[in-house]
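Each chain, written out:
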Amino acid sequence: MHRLSMIIIALVGCLSVTGATEFNCKRGTGYPKEVCYVAECTDAIKAHIQHEFNAAFKYMYMGAYFGQDIVDRPGLSKFLLEAASEERGHAIQMLDYLNLRGIKIDSSLDYKFDPDTMLGTTYSYQDALEEALNMEIEVTDLINNVVAKCADDYHGADVFTNPILDEQHEGVRKLQGAVKAFKDLLAGSGAPGLQLAEYLFDKKMMSEEL
Ligand SMILES: [Fe+2]
């Protein structure tokens, strides 16, 4: 290969490596100093927190729906309200992580309550389980996007892979099993046995056997 071509390729290679990391590692004299981070990663985390709040509100609505006296499925209600607390906990965990990395908590974190998450929707028991499963799969997909945005921010990618992505997969697996078990119970009792199937399944949800 021509020598000049080799030099140009080497230079382009060096530039692309430098451009890929783009760590913000300013070392000023003041304290606290900025911690090395990749803005694309921390921006993705900031944006993702809104999805955790949306999931928390939706779970809260669904939990309250199944807890009311005319529906009365306390096992599913408990599960959904606990899931709401978990999602809120995830948002706090991510805000804590931004703090750890020295990212400023300011008006750029413009989180809003989305009223669509609390629309007056009614759910069947199976619909609620499947809706929860779909929400978890959607959030898992969004977290994968955060990990991709953090590809050059090794610590951010690591934390969002484990424990966060790890917990998502566990949650999805648990819900996949719950949907399957509910369908099996319903298939065994037939449509006329729907109320009984829901009642029996709800007892299992209450005792956390699922
Ligand atoms: Fe979450």
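This structure is a prediction, so every number in the text was calculated from the model and none was measured. (Residues numbered from 1 in each chain as written. Predicted model: local features only at pLDDT ≥ 70, side-chain atom pairs only at ≥ 80, totals over all residues. Heavy atoms only, no water.)

### As for a nonpolar patch on the surface
Together, Met60, Leu81, Phe113 and Met118 line one region of the surface with nonpolar side chains, adding up to about 330 Å² of accessible area. Assignment of secondary structure puts Met60 in helix α2 (residues 39-67). (Patch = residues over 30% accessible without salt bridge, like charges linked within 9 Å, V, L, I, M, F, W, Y side chains within 5 Å. Areas by Shrake-Rupley, 256 points an atom, 1.4 Å probe, with all protein chains shown as cover. Salt bridge = Lys/Arg side-chain N within 4 Å of Asp/Glu carboxyl O. Helix = DSSP H or I, 4+ residues; strand = E, 2+ residues; numbered from the N terminus.)

### Description of the state of the cysteines
Going through the model one piece at a time under the given rule, you end up with 1 disulfide. Note on cysteine connectivity: Cys41 is disulfide-linked to Cys150, with sulfurs 2.0 Å apart. On the S-S bond that ties Cys41 to Cys150, the torsion sits near 85 degrees, and the link is right-handed. Of this pair, Cys41 sits in helix α2 while Cys150 sits in the loop between α4 (125-149) and α5 (154-189); the two residues are 109 residues apart in sequence, bridging distant segments of the chain. Like Cys41, the residue Cys150 is buried in the burial classification. (Disulfide = S-S within 2.5 Å. Buried < 20%, exposed > 50% of the residue type's maximum accessible area, 1.4 Å probe, protein only.)

### Let's talk about the coordination of the iron ion
In the first shell of the iron ion, the protein supplies Glu52 (OE), Glu87 (OE) and His90 (ND1), at 2.1 to 2.2 Å from the metal. For the iron ion, the single-chain donor residues occur in sequence as E-x34-E-x2-H. Taken as a pair, Glu52 in helix α2 and Glu87 in helix α3 (residues 74-100) lie far apart in primary sequence, 35 residues in all. On the accessibility criterion, Glu52 (0% relative accessible area) is buried. By relative accessible area, Glu87 is classed as buried at 1%. (Donors = N, O, S within 2.8 Å, 3.2 Å for Na, K, Ca; no water.)

### Comments concerning the nonpolar core
In this structure, Tyr59, Phe66, Leu76 and Leu129 are the most contacted members of the largest nonpolar core, which totals 28 residues. Counting only elements with at least two residues in this core, the list comes to α2, α3, α4, α5 and α6 (194-206). Beyond its immediate sequence surroundings of up to four residues, Leu76 is in contact with Phe66, Tyr125, Ala128, Leu129, Asp202 and Met205. Formed by 22 residues, the second largest nonpolar core is a distinct cluster that contains Tyr37, Ala44, Leu109 and Ile164. (Core = buried A, V, L, I, M, F, W, Y, C linked by side-chain atoms within 4.5 Å. Contact = heavy atoms within 4.5 Å.)

### Quick notes on the environment of Cys41
Under the relative-accessibility criterion, Cys41 is labelled buried at 1%. Sequence separation between Cys41 and Asp153 is 112 residues, and the spatial gap between their C-alpha atoms is 6.7 Å.

### Here's the deal with unusual backbone geometry
With a phi angle near 55 degrees, Asp72 is a residue other than glycine that sits in the positive phi range. Take Asp72: its relative accessible area is 45%, and that puts it in the partly exposed class.

### Examining the confidence of the model for the protein
Put simply, the protein has an average pLDDT of 87, and 87% of its residues get 70 or more. Here residues 11-19 scores under 50 on pLDDT; set against residues more than four positions off or in separate chains, the count is 0 contacts. (pLDDT = per-residue confidence, 0-100.)

### Considering the packing of aromatic side chains
Under the definition given, this model contains 9 aromatic pairs. Each ring, one from Tyr65 and one from Phe66, has its centre 5.0 Å from the other, and the planes form 85 degrees; the classification is edge-to-face. Both residues of the pair, Tyr65 and Phe66, belong to the buried class. Here the aromatic rings of Tyr65 and Tyr123 are separated by 6.1 Å at their centres, their planes lie at 75 degrees, and the arrangement is edge-to-face. Taken together, the residues span a long stretch of sequence, with Tyr65 in helix α2 and Tyr123 in the loop between α3 and α4 at a distance of 58 residues. In this pair, the class of Tyr65 matches that of Tyr123, namely buried. Site record: aromatic cluster; members linked through ring pairs are Tyr65, Phe66, Tyr123, Tyr125, Phe182 and Phe201. (Phe/Tyr/Trp six-rings, centres within 6.5 Å; stacked < 30°, edge-to-face > 60°.)

### As for α5
Between its terminal C-alpha atoms α5 stretches 51 Å, which fits the 52 Å expected from 36 residues at 1.5 Å a residue. Along α5, the sharpest kink reaches roughly 35 degrees, centred on Leu165. Phi turns positive, to about 80 degrees, at Gly190, one or two residues after α5. (Expected span 1.5 Å × (residues − 1). Bend = angle between axes of the 7 residues up to and from the residue.)

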